[in-house]
Amino acid sequence: MNAVTPIAADALRDQIQRHLTYTIGKDKGHASHFDWRMAVSYAVRDLIVDSWFAATRKTYEAKGKRVYYLSMEFLIGRILDDAVVNLGLHDQIKAVLAEDGIALDDVIADEPDAALGNGGLGRLAACFLESLSTLGCPAHGYGIRYEHGLFRQRFSGGQQVESPEDWLNQPHPWEFERPEASYTIPFNGYVTDEDGQSVWHPAETVHARAYDTPVVGWQGRWSNTLRLWGAHPTELFDLERFNSGDHTAAAAPEALARTLSRVLYPEDTTDSGKELRLKQEFFLTSAALQDILRRFLSEYDDLSLLPEKVAIQMNDTHPALAGPELIRLLVDVHGLDWARARDIAGRTLNYTNHTLLPEALERWSTWLMGRVLPRHMQIIERIDAEHAQATGCAPHLRIVWQDQVLMGTLAFVMAQHVNGVSALHTELMKDTVFADLHMLYPGRILNQTNGVTPRRWMRLSNPALSRVITDRIGSGWESDLGRLSALVDHAEDAGLHGDIRAAKTANKQAFATWLQNTTGQIINPDAMFDVQVKRIHEYKRQLMNIFETIARWSAIRSNPDANWTPRVKIFGGKAAPGYFTAKDVIRLINDVANVVNNDPATAHLLQIVYPANYNVSMAQRLIPAADLSEQISTAGKEASGTGNMKLTMNGALTIGTLDGANVEILEHVGAENFFLFGMTAQQAAARGANPGHARSAILASKPLQDVLQMIAEGRFSPEDPSRYHGLVDHTWNHDPFLVTSDFDAYLQCQKQVDVAYRDTTRWDQMVLRNIAGSGFFSSDRTIKGYMNDIWHTQSLL
Ligand code: 26V
């Protein structure tokens, strides 16, 4: 298929104008940025719709296999900017708007982020959708249309305060509501046996209604669909109650139903065991599977063909009810016998694991599962009985164990393929959490190292660097990122070094300007921008970074005339609202910033920046401006990381541990271009098993003792000196993620970073080799891996 037909500037101007007038109902003279954004969005959307229809037609004609990506999270960010870049319309639209004195950047910035995800897992799903379209793989993403995405974060007295996010409080121009695509989702009630047939009599039902968003790939060659489900009541309204005057009670059924798609759960580790969360998971899963079967049966009449024509990916265990739900639909609704249904389901479903942290592995009490989904509880027990029968496994390897349904085990047993998200993570799956299941089902686990889309994360967010690259190696790298390796032919080229450096400097300046305009804080764009952006988690060790910052501040004060490398330490990220230790870390960073930033003796050498509400849009500004990428998790804990990849391809050097995809980044860019420190996963596991590890590490490190002492004395919280006693005590006596054991190595490594940064020729070389080595980390490569090894499907381009 050809790229979308280029549109003439005149036609584009007419389309935008037409939408402004007739869709939005505004006159140019009175149009706000919002009005212009709507008009531009509709005009751009019109151009996508043609390629979208063409792709759908082609898939039906080719009778191609379809991929369905089931995910509770899609962390999309803005849509207009990405669509404009993928269609190659940026310069044209910019020129058209300029005629009316409107800046395209302002129009783009008016769009709220679609923040339907917590972090890595949700952003990965969004990158995958874009790559699926770029590669022409027929696919649907299925998720929930949360009315409120991830909470907004602000700081009050340095502490995180959450408020609801409200992206749908204004028209959303990218979606098409499909009232005709609606399914009934049952809950609760009881099951009867009628002549050997199980019949579920649900006590409650809601409707799942489809809302479709087209996802356009690079150059508009293909578009897939993101189908999000909104919950609607099956019974609208209690008219009798309304007429009798009880207006609130009359609306109760409606309110109750809508809670299902009201808000994204902001926890990303602890499974809170909440009934509403379980209901959300079933809501997504059941709606998706009913839709998949309806589409399949519109093309084929033999359900045994399902595994040949459909591949379903479960993004973590959140949609793991897909196993029992698919069996239920095949047996109870479509009349297949159990054995055939079980076999079909097992050859259609696949499962990706995204974390080994035990507290993040979902489990539901049999009591709750049996009450909310009584029929599924029966099916799960039968799947489990057959699993036990076939493998002769020990009780703790059963799906139901100690009155809990283990969703990881359920997903594993039901899947054809199970994959990890980096080479190290996949090996650890085989050696630790899934070691026994791996023995029982050998060959089932495979690896697909994560990737990110270079369209959003380079071409769109870093046009300056993109131009430099295209000037040297030509265009085409955007959809074939391995071509970046051609840059090594210019590794010694001082002209290229200068161009890359100039792009970085411009990005740093732009970030500094944005920061000043939004927060008032003024930073030195000539200093090294040292960036740690990700969810706040103990295992990611933001605490180690702020400890190092304190040690650095103290060292500068004692020795102000040493040859210091000026740094701006930049933090970004949210903590789960109930994660108190993480919230303490946020407050500490802000308290330290308050003291350090106001110290005239050090201000020219060290600044701390923590802009509130880190999200996809902020990432797009910040990542292109970074010099140093902090990837310092305890080895063995970060499944992959994807921010590490984005920072590498944007020319930031990594200081990091041998964890997740850092291992592969190091291999691809070369060990001499990577600041490696710290224990390996094996060493960390051994060290953590020694109960006195923290105390002995602290006693062996004078700098660390000093840092802890300063915090404990209240140097950063003079109005409340005991504020961090809990955190300091936790560090001395528990330190579950081994901050203390890796601290000295980290400190030393940071000193090497300082030295390297001052040697600009060496730094420029390292940057170039990082960019050149980052081609492997395109999500196109990842998706090709899934297509070949997991889905067994082909591109239709
Ligand atoms: C977990 C849970 C647990 C139950 C309650 C709700 C909830 C919501 C989200 C999550 C997700 C945690 C897993 C996650 O985000 N993993 C990250 O996945 C990235 C993509 O594979 C990977 O790069 C990160 O290393 C990994 O932490």
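A brief look at the structure comes next.

Criteria and thresholds
- Residues numbered from 1 in each chain as written.
- Predicted model: local features only at pLDDT ≥ 70, side-chain atom pairs only at ≥ 80, totals over all residues.
- Heavy atoms only, no water.
- Near = heavy atom within 4 Å.
- Polar contact = N/O pair within 3.5 Å; in protein donor to acceptor, adjacent residues only side chain to side chain.
- Areas by Shrake-Rupley, 256 points an atom, 1.4 Å probe, with all protein chains shown as cover.
- Helix = DSSP H or I, 4+ residues; strand = E, 2+ residues; numbered from the N terminus.
- Core = buried A, V, L, I, M, F, W, Y, C linked by side-chain atoms within 4.5 Å.
- Buried < 20%, exposed > 50% of the residue type's maximum accessible area, 1.4 Å probe, protein only.
- Contact = heavy atoms within 4.5 Å.
- Salt bridge = Lys/Arg side-chain N within 4 Å of Asp/Glu carboxyl O.

## Digging into the site of the ligand
Close to the ligand lie 21 residues; His354, Asn450, Glu638, Ser640 and Gly641 are nearest. Between the ligand and the protein, one listed contact pairs an oxygen atom with a side-chain N or O atom of Glu638 at 2.6 Å. Between the ligand and Gly641 there is a distance of 2.8 Å, counted from an oxygen atom to a backbone nitrogen or oxygen. When isolated, the ligand has an accessible area of 590 Å², and the protein chains bury 94% of it. For the shell around the ligand, the element with the most residues is helix α6 (residues 120-134), which contributes 3 residues.

## Considering the nonpolar core
Counting residues in hydrophobic clusters, the biggest one holds 238 residues, and the most contacted among them are Val44, Ile93, Trp229, Met369, Phe547 and Phe675. With 10 residues, the single largest contributor to this core is helix α10 (residues 275-299).

## Some thoughts on the side chain of Gln607
Here Gln607 lies in strand β21 (residues 606-609). Judged by its relative accessible area of 15%, Gln607 falls in the buried class. Separated by 3.0 Å, the side chain of Gln607 and the backbone oxygen of Ile522 make a polar contact. In terms of polar contacts, Gln607 uses its side chain to reach the backbone amide nitrogen of Asn524, at 3.2 Å. Excluding residues within four positions of it along the chain, Gln607 makes contact with Ile522, Ile523, Asn524, Arg567, Val568, Lys569 and Asn597.

## Some points on the pattern of salt bridges
A side chain with one charge may pair with a side chain of the opposite charge, provided their charged atoms come close. Taken as a whole and assessed by the stated rule, the structure comprises 51 salt bridges. The salt bridge partner of Arg262 is Glu147, with a shortest N-O separation of 3.6 Å. A residue pair is termed long-range when its members are at least 10 positions apart, and Arg262 in the loop between α9 (252-258) and α10 and Glu147 in the loop between β4 (139-144) and β5 (152-156) qualify at 115 residues. Under the relative-accessibility criterion, Arg262 is labelled partly exposed at 26%. In this structure, Arg455 and Asp780 form a salt bridge, with 2.8 Å as the shortest nitrogen-oxygen distance. Of the two residues, Arg455 is situated in helix α19 (residues 454-460) and Asp780 in helix α33 (residues 779-791); the sequence distance between them amounts to 325 residues. Residues Arg455 and Asp780 agree in their burial class; the two are buried.

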